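Each chain is listed here by its residues.
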Amino acid sequence: MGSPVTRSSTFDGRAASRKAARVSGLHPSGFSIRLPASPRKKTVRMPMVARRLRDPDINPCLLESDASTRCMDENNYDREMCSIYFLKYKNCRKFWNSVMVQRRQNGVKPPMPTAAERNEILGAMGKMPY
């Protein structure tokens, strides 16, 4: 068996001076540099899947989804209090899924109607089917 490997605890003066230079605003060569007034804020973008779910042309049940989420927030996430909203969302998804299947069978592109087309369909029905 060999001797165990130990780490030496040597001090790297160059690393410490680089850190001090970053804090003080001096370049390691001694020249002063300009630091930005405030740190850059990174723009946060929603993931593609989340953006698609928030798009009214893609998600026909956006209002029902928002209503059920809002109900959950207001009722401290008690699912029993929001069962009506869940049923409305479920019925909405069933209705538009059946429309999408029918349009696919008829060869209509795109299978999901746009938001304007959906408003026309619902207007022709006279009332909400769900």
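Residues numbered from 1 in each chain as written. Predicted model: local features only at pLDDT ≥ 70, side-chain atom pairs only at ≥ 80, totals over all residues. Heavy atoms only, no water.

**Some thoughts on the packing of helix H4 (residues 83-105) against helix H5 (residues 115-125)**
Here is step 1 of the chain: In contact at an axis separation of 13 Å, H4 and H5 are set at 105 degrees when each is read in the N-to-C sense. Between H4 and H5, the angle falls in the class roughly perpendicular. Residue-level contacts link Phe95, Trp96 and Arg103 of H4 to Glu117, Arg118, Ile121, Leu122 and Met125 of H5. (Axes fitted to C-alpha atoms, helices over the stretch in contact; angles between N-to-C directions. Helix = DSSP H or I, 4+ residues; strand = E, 2+ residues; numbered from the N terminus. Parallel < 35°, antiparallel > 145°, perpendicular 65-115°, else oblique. Contact = heavy atoms within 4.5 Å.)

**Description of unusual backbone geometry**
Here is step 1 of the chain: A cis amide bond links Lys109 to the next residue, Pro110, at an omega of -10 degrees.
Here is step 2 of the chain: Its identity is not glycine, yet Asn76 carries a phi of approximately 55 degrees, on the positive side.
Here is step 3 of the chain: Examined against the element boundaries, Asn76 turns out to sit in the loop between helix H3 (62-74) and H4.
Here is step 4 of the chain: Assessed through its relative accessible area of 67%, Asn76 is described here as exposed. (Buried < 20%, exposed > 50% of the residue type's maximum accessible area, 1.4 Å probe, protein only.)

**Some details on the confidence of the model for the protein chain**
Here is step 1 of the chain: The predicted model of the protein chain has a mean per-residue pLDDT of 81, with 69% of residues at 70 or higher.
Here is step 2 of the chain: Taken element by element, the protein chain is modelled with least confidence in helix H1 (residues 13-24), mean pLDDT 54, and with most confidence in H4, mean pLDDT 97. (pLDDT = per-residue confidence, 0-100.)

**Some remarks on the nonpolar core**
Here is step 1 of the chain: Of all hydrophobic cores here, the largest spans 9 residues; its members are Cys61, Cys92, Phe95, Trp96, Val99, Met100, Met112, Leu122 and Tyr130.
Here is step 2 of the chain: At 5 residues, the largest contribution of residues to this core is made by H4. (Core = buried A, V, L, I, M, F, W, Y, C linked by side-chain atoms within 4.5 Å.)

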